[in-house]
Each structure stands twice: as structure tokens, then as C-alpha cells.
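Structural characterization, general
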Amino acid sequence: MTENGIGAAITRKEDFRFLTGQGTYTDDIIRPGQTYAYILRSEHAHAVLKGVDTAAAKGAPGVLAVYSGDDWDAGGIPCGFVVDGGPQNTPNRPALAQGKVRYVGDLVAMVIAETIAEAKSAAEMINVDYDPLPACVDTATAHDPSAPQLHEDAPGNLVKDWQIGDKDATDAAFANAHHVTKLSIINNRKIPNAIEPRCSIGEYEAGTGRYTLYTTSQNPHVTRLLLAAFVLGIPESKLRVVSPDVGGGFGSKIPHYPEEALVTWAAKKVGRPVRWTAERNESFLTDTHGRDHVTEAELALDADGKFLAMRVATIANLGAYLSTFGMLSSTYLYGTLLSGQYAIPAIHCTVTGVFTNTAPIDAERGAGRPEATFVVERLVENAARETGISPVDLRRRNFVPVDAFPYQSAVVLQYDSGDYEKTLDAALKAADYDGFDGRRAESKARGKLRGLGLSSFIEACGLAPSNVAGAIGAGIGLYESAEIRFAPTGTVAVYTGSQSHGQGHETTFAQIVADKLGIPIERIEVIHGDTDRVQWGHGTYGSRSLSVGGSAIALACDKAIEKAKKVAAHLMEASADDIAFADGTFTVAGTDKSTAIGDVIMAAFVPHNFPLDEMEPGLDQRTFYDPKNFTFPFGCHVCEVEVDAETGTVEIVKYTAVDDFGKLINPMIVEGQIHGGLVHGAGQALYEACVYDPESGQLLTGSYMDYTMPRADNFPNFDISFTETPCPHNPLGAKGCGEAGAISAPAAIMNAVTDALGVSHMDMPATPLRVWQVAQSAAAAE
Ligand code: MCN
């Protein structure tokens, strides 16, 4: 193995600049002549916008321009995903509200001034005439005829009624079931809370007619496409989008936001760069939120505990406007995952997508798959408790067997590879499952309730085969690109269409190249995030960067090796067919001739005596890799909690995760991703709740005083290990890992909490107040 190549747990190359404060985030970029934008936002959840008087603000000191919806003359902010190609209600969304505001934080006016203080002061002089309307914030009732209506062209606040699976087969299976387990589930709305707030700087160069947008994006090319083609109506070549270092996103930096359009549009109008940086309260109010489902779910079993069918009906809150990929998480990334690790012959799922007077919803770490896993794993756990079959046995009885792969589920997906018993067995052993009764008794002796919960999860990641993306309604294909460029002295630049925002791509992608080419990792640079420098790419989400983007890099390396073999053959006066390559050295079969890759690279740049009619100079290569299928990582997580029934506090005392991501490129980075994902999922299960006032539609949890984020001292050391079942269809054999923790943890934790409390269900987050109430009721019922 090449030193620091695939499999090496090396520290991250990018961390030196991050840890020494030398990263370049969007807000660090200073442009000559820059101006500052402040966005005046709606204080009402729902109101008619009768007038926006900007006259006084326009005359305020330092002010260069003030715009309201009346001034917005560009296109609406587009939605990039129309489920199944339509029909879908997708009302127009101007960058500044016109006629109505639809959530607290909706954009009403933009002030541009010499300083941010002047912009803010001037915004106070804007007189907005609102006629408040009743707000609709409740997911469960948004579709009721009596609910306040948000959009004229979306009757009943309906985005779309969607379904998947075979209804008749499912109903028939339920009719013959021996036992049916039912659950009503609220999957709580989350606010992603990336550490770096959103920031966008727009710039216009009159001489060339070119715009530049510096922005906090997970997918700069997608932003360029949407902004150029749909909003500004300019050729894509007239817009450069740069996303430098990005400080976390968790999905919230996927969408194309109105603020990005506004600063770019306004830069031409004011003739100077315009910058906008979100304050933390704006992040709470206006970053896209995640989850927010209300679900009725049922699982049908026969007398032997075999699953017969699953029936799920979900209302999914999409917020006030459709965000770029709004409906994707609630439909295809949700309904198709409802088979979990199990062979379930019939599944039927309906999803009713609704508008409400809340911030738009889009992908949030896991995006649909945590919601699906929660439904499946809570149903399975409860079915075990109700039938008296142990949760372990019930899972074993229903797992997709190891010889059934590729496995065609009842909801479209074909699982690539898996060995579910293996992760279950490993997790039970690592968690000392057999010793749990003893630990529970010991907790009881101390007056504490101890519970254990399992989650055997699956996810579909590595988004996505382009033909599937197209078939379900995405406006783009989802291949990924890589270009590998050499310099004469043997350094390598790797241009990737994905966009790291904390995942460590500069390290892991360089490891792939080091491994493939036998070049030291210090001589490899990974470049992303600039549409002028990098070929078209789709960015980072859906844990796709390694399995799709990394595969593209591996294939580009293979192409470069093929070309280099010809150069090496020329240098060593041999036939290219006789050249072998390993660990950075080309050899001629059957001889002791060899030449190092560094010499071959140099020779490719100095083709003094190349047979030019047979071989071009240079080694650079580009690949567009379109995966054949998603990858299907899986695992088994075991959580143990201790509950104090007196105070309602829940402590995670033991967390064991055995995951399978196929081949690991950097086990240390993968562990870090698991840590982050688990904490993300634990946040949803125990701490984080985004709450809007049901009457006024005000966000009640709009600051860290009200919205509880998990902290390091909430957790024990996680026990993390891996099994390795390679992905059979990508060149690395690797599956994605970035979301797994967030997908699995909520179910494992809530299975443990309900086990401790001896109740069949409680809603997330299991806050002390809720747990205390449930514990009191449970005690009273005894
Ligand atoms: N990796 C590996 N071996 C594997 C799989 C992955 O070494 N078998 C490495 C990859 O090379 C990469 C990292 O692990 O360095 C994550 O890879 P992958 O699973 O492909 O996920 P992405 O890079 O596409 O990241 C997206 C995913 C998502 S969808 C969210 S949301 C998320 C996340 O990753 N948001 C994050 N992790 C985050 N981490 C940070 N710090 N900040 C965020 O906002």
C-alpha cells in the first residue's frame, strides 16, 4: 500500500489552516469598493403586504439603494425538483416579497449602504404597511379546509399528494395479519445550525458583463445554473460562483437562496460589490429547516413474527415556499427507505406535502432517511414488545438474507450489498447485550431507570444515478466530475465537482490519488468550489462525495495511468502492452527496466522525440462518473440510557455503533463523521425542537437560549467499529458515511428511552419536562 493511501488513518491536511484561523470563508473575502446589504424581514408569519415605503430610507446617511418587491424585476427563485415531473404546486417566489409575506423572516426589503450600521439604521426608516392574516403553522392540520391559505395557486395548502408501493397488496396483507403494530409519530422539525452563518457577496464587472457570486454553498455549480438561467436570465458563462472554505452546512447550504440572487442582482444596479452576512437570528429564521413530519404507521406480522406489510401515511411540512430540493427529502428519500433492512413483501406510503407559514424545509443531514428509519425501527421495536419476541430475534427473522443481494425491495430500490446479521452480531457483542439485565438491576438499585434500544438501519446514499434522478423529477443528472492535472515536476492538482464543507475531502481525495499514482500526498492538491476553475459538478449532499466524486477521481487516475504507460513504453523502448504499474513505478514485463512516475510525468511535458501522430503530450485527464446505483450503507446501533424519573433527565450511558461503509478511505475521518452524525441524531432525539407559536406563527426557538444544541459533555465515548461489505458497483468499493449517525441514532435512542420508561411511545425530543410527564403518567398507571 502506498504510504498515506487508501485505508490510512491520517490527520486532515486542511486542519492546519482551520485550526490556526487561516481558513478563507466567504465573510473573510473583502472586495474593493464593497457595500453592505441589510435585509428587512417580515415580523408577521402571514400578512398582506399593502405597501413598502422606502423613501425616507433612501435619503438616510450612507445609503446607496433600497429595494422592495416592487423593484424586483428578475425571475423567481426556482425549485429544482418537481416530484415525478409533476403535477406539483410550485408558486412563484420573488426574491423580495410581493403582495404577501408568508413566514416570519420573509424578505421584505434590502438596504445597501456604505456600512452595515448605516444599512441597519436606514432599514428602521422603512415603513411597511401589513394587513396581518391568521397563520397556518401546524403540519397536521395545514391541509384542512379551515386552515388559512398561503398561496392562491396551491389550494388546500397542498404541494402534492404522493404515493409509493402497492396499495392493494398492502391492504390485503393487513387484512390477513395475525398482529398489527401501530404508531403515531411526530418527526420534529430541526434547525441545521451550521457554525458559519450564510454569507453572499455579489459583484458585477461592467466591462465584461460578468457577475461573480461568492457564497456559502455546498454546490456552487447548481447555484450558478439556477441563478444564471432561471433568476437573472443570463448565459451561465456570465456568472462565476465561488464557494471558498465552508463552515458546515448539514444540508442548509444546498438550496439557492433569495439573498444570493439579491446581492448579485443589486451589484449591477449599484455598480459596486454588495455583501450580506446572516446574523445568527437570521440563520434560525431563514436557513432551510429539516424534517417536520406527522405520520401514522402500521406494521403487519404473521403468527411467526414475519413481516407481511407496512402502511405509512405522512404529512410533510414544506414551509412557506418550495426550496430547491424541498419535496425530494419527503418523498423519494423517505418512502423508498421504508423497507429498512427487512424483507417486507408489501409496502404502501402516502405523503401529503403542505405549505405552512414557516421557514422553507429542505434536506437536513439524512434528509428523509432518518424519518424513514425512525418509522421502521420504532415499529419493529414496538412489534417485538407487543408480540413478546425479543427485538433481536424479530430483526433476525425478517432481515434480507445475505444471499438475497442484489435485493429488490417493495419500494423501488435495489439494495447493492449487505450483511445485516453480521453488524447485529458485532454490535450485540460490543455492547455486551447479554449483560444488560445486570446493568438495569444495578441502575434500579440507584433509583434510575435503564433502557436499551436497537436500530438496524439502512440508507441509500451516493446520490445518484442520473437516469433515476431524471425519472423521479430532478432537473439535473447526478454524476460527478473529476479532472486530474499534472505539473512537470510531478505535482498533481485534482479538480472535483463536489464541495467539502467539513468532511475532509482535501485529505481523503488526495489519499485516493496517492494510492492510485504512488505520488506522495504532500504533492497532491484538491481544488473545489469555483465554477471558473472546476468543471461542472454537483456538489456535496446525500453522502455522495466519496462514492461518486471519489470514484470519478479514481477513474481519472486510471485514465492517466493508461496514458502514462504509453509514455513509459516510449521512454523504455517497449510496447505499452508490456508495461505494468504499481506503487509509482512503471516496469517492463520480463526485464529489469523500470522508470518512476515522476520521470514519466516530466517526459509527458517534454515530448522532444514523441511519435506525435500516435501520442499527444501531457497526461491530464477528466472523468464524469455516473453511478449505476445508489450505495446502501448499513449498520446496527445499540443505545443504553439511564433516566432519572424525578428530574426527567436522560443520560446516554453507552452507545455502540457497528457500521458498514464498504471500503474505508480514511478510518479516522469516517469515525469523525460518525461522531458528528450521532450527535446530530441525538440532538433530534433529546434536545432540538423548532417550535413556532401556533397562533402568531412566531419562531419561539429562535436563539440558543431557546433551541438546545447537543454538547460534548452530553455524551459518553462512543464505541465505534466497522464491518466491510464492499459496494459492488463503484471502483472504490466504498459507501457513504456522512449521514449514517444522524439516520440511525434517533431510533436507537428513543427505543432506549421508551424501554426505560416502559411506554410504547413518546415524541422527540425527549426533554426533561416531557420525560418527567411520561414517567409520572406511567407511574400513576401502575
Ligand atoms: N469517507 C471515507 N470512506 C468511506 C466513506 C467516506 O474515508 N467509505 C470519507 C470521505 O472521503 C469524506 C467523508 O468520509 O472525507 C464523508 O464522505 P461521504 O460519506 O461521501 O459524505 P460527503 O463528503 O458527501 O458529505 C456529505 C454528508 C452530508 S449529506 C452532510 S449533511 C454532512 C456530512 O456529510 N454535513 C456535514 N458531514 C458533515 N461534516 C461536517 N463537518 N459538516 C457538515 O456540515
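Quick caveat: nothing in here was measured; it's all calculated off a predicted structure.

Things to note about the packing of aromatic side chains
- The tally for this structure, following the rule as stated, stands at 22 aromatic pairs.
- Residues Phe 284 and Tyr 704 carry aromatic rings whose centres are separated by 5.0 Å and whose planes lie at 70° to one another, so their mutual orientation is edge-to-face. Separated by 420 residues along the polypeptide, Phe 284 in helix α7 (residues 280–286) and Tyr 704 in the loop between α18 (667–687) and β28 (718–723) bring together distant segments of the chain.
- On the basis of relative accessible area, Phe 284 is assigned to the buried category, the value being 1%.
- Exposure remark for Tyr 704: the relative accessible area of 41% places this residue in the partly exposed category.
- What links up through ring pairs into an aromatic cluster is the set Phe 307, Tyr 342, Phe 399, Phe 405, Tyr 420 and Phe 634.

Some thoughts on empty space enclosed by the protein
- In the structure shown here, the tally under the stated rule is 6 cavities of 30 Å³ or more.
- The space that makes up the largest cavity amounts to roughly 100 Å³.
- Surrounding the largest cavity, 16 residues form its lining, Arg 93, His 256, Tyr 257, Pro 258 and Ser 323 being those nearest its centre.
- For the lining of the largest cavity, the per-class residue count stands at 8 nonpolar, 5 polar and 3 charged.
- Secondary-structure elements contributing two or more residues to the lining of the second largest cavity are α10 (369–387) and β18 (449–458).

As for the site of the ligand
- What surrounds the ligand is a group of 32 residues, the closest being Gln 503, His 505, Ser 545, Gln 673 and Cys 737.
- A distance of 2.8 Å is found between an oxygen atom of the ligand and a backbone nitrogen or oxygen belonging to Gly 249.
- A distance of 3.2 Å separates a nitrogen atom of the ligand from a polar backbone atom of Gly 502.
- Calculation on the ligand without its partners gives an accessible area of 840 Å², and the protein chains cover 95% of this total.
- Looking at the shell around the ligand element by element, the count peaks at 3 residues for α18.
- Looking at side-chain class alone, the shell around the ligand contains 10 nonpolar, 17 polar and 5 charged residues.

As for the sheet that holds strand β5 (residues 107–113)
- Overall, mixed pairing links the 7 strands, which are arranged β3-β5-β1-β12-β9-β10-β11 in an open sheet. Edge positions in the sheet fall to β3 (63–68) and β11 (239–242), since each of these pairs with one other strand and no more. When strand polarity is set aside, the average angle formed by the axes of neighbouring strands in this sheet is 20°.
- Direction of pairing for strand β10 (residues 210–215) relative to β11: parallel, over a ladder of 4 bridges. The partner of Tyr 211 across the bridge, within β11, is Leu 239.
- Running at roughly 30° to strand β1 (residues 35–41), helix α3 (residues 116–123) makes contact with β1, β3 and β5 of the sheet.
- Across the sheet, helix α6 (residues 258–270) touches β1, β3, β5, β9 (199–205), β10, β11 and β12 (274–277), and the angle it forms with β9 is around 30°.

Quick look at helix α15 (residues 505–517)
- For α15, with 13 residues, the first-to-last C-alpha span of 18 Å sits near the 18 Å given by 1.5 Å per residue.
- A large share of α15 lies buried, amounting to 11 of its 13 residues.
- Within α15 the residues assigned to the buried category are His 505, Glu 506, Thr 507, Thr 508, Phe 509, Ala 510, Gln 511, Ile 512, Val 513, Ala 514 and Leu 517.
- Gly 518 lies just past α15 and shows a positive phi near 70°.

Quick look at the side chain of Thr 701
- Along the chain, the position of Thr 701 falls in the loop between α18 and β28.
- When its relative accessible area of 6% is taken as the criterion, Thr 701 is described as buried.
- Here Val 691 takes part through its backbone nitrogen, which lies 3.0 Å from a polar atom of the side chain of Thr 701.
- Every residue in contact with Thr 701, bar those within four places of it in the chain, is listed here: Ile 191, Phe 284, Ala 689, Cys 690, Val 691, Asp 706 and Tyr 707.

Brief notes about the packing of α10 against helix α19 (residues 740–757)
- Running from N to C, α10 and α19 point in directions that differ by 30°, and their axes come no closer than 8 Å. The orientation of α10 relative to α19 falls into the category roughly parallel. Seen from above, α10 lies across α19 with right-handed handedness. Across from Arg 369, Pro 370, Thr 373, Phe 374, Glu 377, Arg 378, Glu 381 and Arg 385 in α10, the residues of α19 making contact are Ala 742, Ile 743, Ser 744, Pro 746, Ala 747, Met 750, Asn 751, Thr 754 and Asp 755.
- Its residues placed into classes, the contact of α10 with α19 shows 7 nonpolar, 4 polar and 6 charged.

Details of the layout of surface pockets
- Empty space within the second largest pocket amounts to approximately 470 Å³.
- Around the second largest pocket, the lining comprises 21 residues; the ones closest to its centre are Asp 138, Thr 139, Ile 186, Asp 292 and Cys 690.
- Its residues assigned to classes, the lining of the second largest pocket comprises 11 nonpolar, 5 polar and 5 charged.

Observations regarding unusual backbone geometry
- Geometrically, the link from Phe 405 to Pro 406 is a cis peptide bond, its omega value of 0° lying close to zero.
- Relative to the assigned elements, Pro 406 resides in the loop between α11 (391–398) and β16 (407–408).
- The omega angle of the peptide bond from Met 764 to Pro 765 is -10°, so this bond is cis rather than trans.
- Note on placement: Pro 765 falls in the loop between α19 and α20 (768–781).
- With a phi close to 65°, Asn 4 is a non-glycine residue in the positive phi region.

Considering the pattern of salt bridges
- This structure, assessed with the given rule, holds 46 salt bridges.
- Between Glu 364 and Lys 190 there is a salt bridge, and its shortest N-O distance comes to 3.0 Å. Within this pair, whereas Glu 364 is found in the loop between β15 (346–354) and α10, its partner Lys 190 is found in the loop between β8 (179–187) and β9, the two being separated by 174 residues in sequence. This pair shows no difference in class: Glu 364 is buried, exactly as Lys 190 is.
- Arg 240 is the partner of Asp 532 in a salt bridge, and the nearest nitrogen-oxygen pair spans 3.7 Å. Placement of the pair is Asp 532 in the loop between β21 (524–527) and α16 (545–571) and Arg 240 in strand β11, with a sequence separation of 292 residues.

Let's talk about the sheet that holds strand β26 (residues 634–644)
- Ordered by their spatial adjacency, 4 strands build an open sheet running β18-β26-β27-β28, and the pairing between neighbours is mixed. With partners counted over all chains shown, the strands left at the sheet margins are β18 and β28, one partner each. The sheet shows a mean angle of 15° between the axes of neighbouring strands, direction not considered.
- Sitting on the sheet, helix α13 (residues 436–445) touches β18, β26 and β27 (649–660), and the angle it makes with β18 is about 140°.

Some remarks on the packing of α15 against α16
- Packing of α15 against α16 brings their axes to within 10 Å, and their N-to-C directions diverge by 30°. With respect to their mutual orientation, α15 and α16 come out roughly parallel. Viewed along their axes, α15 and α16 form a crossing whose handedness is right-handed. Residues His 505, Phe 509, Ile 512, Val 513, Lys 516 and Leu 517 of α15 form the contact with α16, whose participating residues are Ser 545, Leu 546, Gly 550, Ile 553, Ala 554, Cys 557, Asp 558 and Ile 561.
- Considering only residue class, the contact of α15 with α16 consists of 9 nonpolar, 3 polar and 2 charged.

Calculation rules
Residues numbered from 1 in each chain as written. Predicted model: local features only at pLDDT ≥ 70, side-chain atom pairs only at ≥ 80, totals over all residues. Heavy atoms only, no water. Phe/Tyr/Trp six-rings, centres within 6.5 Å; stacked < 30°, edge-to-face > 60°. Helix = DSSP H or I, 4+ residues; strand = E, 2+ residues; numbered from the N terminus. Buried < 20%, exposed > 50% of the residue type's maximum accessible area, 1.4 Å probe, protein only. 1 Å grid on protein atoms, 1.4 Å probe; cavity = no way out; pocket = protein on both sides within 12 Å on 5 of 7 lines; lining within 4 Å. Points joined across faces, edges and corners; volume = space filled by probe spheres on them. Nonpolar A, V, L, I, M, F, W, Y, C, P; charged D, E, K, R; others polar. Near = heavy atom within 4 Å. Polar contact = N/O pair within 3.5 Å; in protein donor to acceptor, adjacent residues only side chain to side chain. Areas by Shrake-Rupley, 256 points an atom, 1.4 Å probe, with all protein chains shown as cover. Pairing = 2+ DSSP bridges. Axes fitted to C-alpha atoms, helices over the stretch in contact; angles between N-to-C directions. Contact = heavy atoms within 4.5 Å. Expected span 1.5 Å × (residues − 1). Parallel < 35°, antiparallel > 145°, perpendicular 65-115°, else oblique. Left-handed = near helix turned anticlockwise from the far one by under 90°. Salt bridge = Lys/Arg side-chain N within 4 Å of Asp/Glu carboxyl O.

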